[in-house]
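# Descriptive analysis of the structure
Listed below are the residues making up each chain.
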Amino acid sequence: MAGILFLQLKTCWCNPVWAHAGNFLKKPTQSNMKICQNLKKKKKKKKHLYGWASFQGSCYLLSTTTNVWQRAEDQCRSSGGHLLVLNNVEELDYISGIVDIKYSYWIGLVERQHEGHWSWVDGTDFGSTPTFWDQGQPDNWDFRVNGEDCGQLHASGNRKRKLWNDADCSLGYRYICEAKA
Ligand SMILES: [Ca+2]
Ligand SMILES: [Ca+2]
Ligand SMILES: [Ca+2]
């Protein structure tokens, strides 16, 4: 078990593609720094190792820039991942603890065919995962010309479990990528 965790950390902290785009949330531990430096066989700038989050076999990357939903998903794909897929409440609570609460973040939730037909970008059966819509959501707010067909974690005023909102896919928000460790 310890061996598996070790491998996950190594992958998460050292993948340069993800690290470059990272949000520098927390400093790596001394041991992680050592692992990375040994792996790379050369000294890396510290900032390239920051911003990594690892949980239950996944690596997460929180963007610091905004993008429309599809571009956000494309960015995640080009880094070997996809927008965040929330498989269980533990994952949501973990993410809720590391996001900047004042921002909304795109996740891998999208209504593709018709209203009410939500799906996860990685093919996970939407019906198999718990839902956490914020109060009154999804409302497909018709003030927006395009409707609201993309899912996000809703900004909030205090640190608690983040809830979901449907939003206009053509608006720019921060986003969260997920990749297998
Ligand atoms: Ca997941
Ligand atoms: Ca909608
Ligand atoms: Ca909404």
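Residues numbered from 1 in each chain as written. Chains lettered and ligands numbered in written order. Predicted model: local features only at pLDDT ≥ 70, side-chain atom pairs only at ≥ 80, totals over all residues.

### Regarding the overall build of the chain
For the chain, the helix and strand inventory stands at five helices and eight strands. Starting at the N terminus, the α and β elements of the chain follow one another as α-α-α-β-β-α-β-α-β-β-β-β-β. Looking at the chain as a whole, 35% of its 181 residues qualify as buried. Counting only contacts in the chain whose residues sit at least 6 apart along the sequence, the fraction spanning at least 24 positions is 72%. (Helix = DSSP H or I, 4+ residues; strand = E, 2+ residues; numbered from the N terminus. Buried ≥ 20, exposed ≤ 12 C-beta atoms within 10 Å, placed from the backbone. Contact = placed C-beta atoms within 7 Å.)

### Some words on the pairing of strand 7 (residues 164-167)
In strand 7, alternate side chains face the same way, and those of Trp-164 and Asp-166 on one face and Asn-165 and Ala-167 on the other are all buried. Of the strand pairs in this sheet, strand 6 (residues 150-153) and strand 7 are connected by four bridges, and their pairing is antiparallel. Across the sheet, the residue bridging to Gln-152 is Asn-165, located in strand 7. (Pairing = 2+ DSSP bridges.)

### Quick word on the environment of Ser-170
By the element assignment, Ser-170 lies in the loop between strand 7 and strand 8 (174-180). A sequence separation of 24 residues divides Ser-170 from Asn-146, and the C-alpha atoms of the two residues are 7.9 Å apart. Beyond its immediate sequence surroundings of up to four residues, Ser-170 is in contact with Val-68 and Asn-146.

### Some remarks on unusual backbone geometry
The amide bond that connects Gln-137 to the next residue, Pro-138, takes the cis arrangement and shows omega of -5 degrees. At Asn-140, a position not held by glycine, the phi torsion is positive, near 45 degrees. Looking at where Asn-140 falls in the secondary structure, it is placed in the loop between strand 5 (118-120) and strand 6.

### A short note on helix 4 (residues 69-78)
Residues of helix 4 that are buried include every one of Trp-69, Ala-72, Glu-73 and Cys-76, and no others. All buried residues of helix 4 lie within an arc of 100 degrees about the axis, which places them on one face of the element. On its buried face, helix 4 sits against strand 3 (82-83), strand 4 (105-111), strand 6 and strand 8. Gly-80 sits one or two positions beyond helix 4 and adopts a positive phi of about 85 degrees. (Arc of directions from axis to C-beta.)

### Description of the confidence of the model for the chain
For the chain, per-residue confidence averages 79 on the pLDDT scale, and residues scoring 70 or more make up 71% of the total. In the model, residues 1-10 has pLDDT below 50 throughout and makes eight contacts with residues more than four positions away in sequence or in other chains. Low confidence marks residues 41-50, where pLDDT is under 50. Its contacts with residues over four positions away, or in another chain, come to 18 contacts. (pLDDT = per-residue confidence, 0-100.)

### Quick notes on the nonpolar core
Counting 33 residues, the largest nonpolar core has Tyr-60, Leu-83, Leu-84, Trp-106, Ile-107 and Ile-176 as its most contacted members. Among the secondary structure elements, those contributing two or more residues to this core are strand 2 (58-62), helix 4, helix 5 (89-98), strand 4, strand 5, strand 6, strand 7 and strand 8. The biggest single contributor to this core is strand 4, with five residues. Not counting residues up to four positions away in its chain, the partners in contact with Leu-84 are Tyr-60, Ile-95, Ile-107, Gly-108, Ile-176, Cys-177 and Glu-178. (Core = buried A, V, L, I, M, F, W, Y, C linked by C-beta atoms within 7 Å.)

### Some words on the environment of Gly-116
Tracing the backbone shows Gly-116 in the loop between strand 4 and strand 5. Assessed through the 8 C-beta atoms surrounding it within 10 Å, Gly-116 is described here as exposed. As a C-alpha pair, Gly-116 and Pro-138 span 22 residues in sequence and 8.8 Å in three-dimensional space.

### A few points about the pairing of strand 6
Taking every second residue as pointing to the same face, both faces of strand 6 are buried, with Cys-150 and Gln-152 on one and Gly-151 and Leu-153 on the other. The pairing of strand 4 with strand 6 spans three bridges and is antiparallel. Its bridge partner lying in strand 6, Trp-106 is registered against Gln-152.

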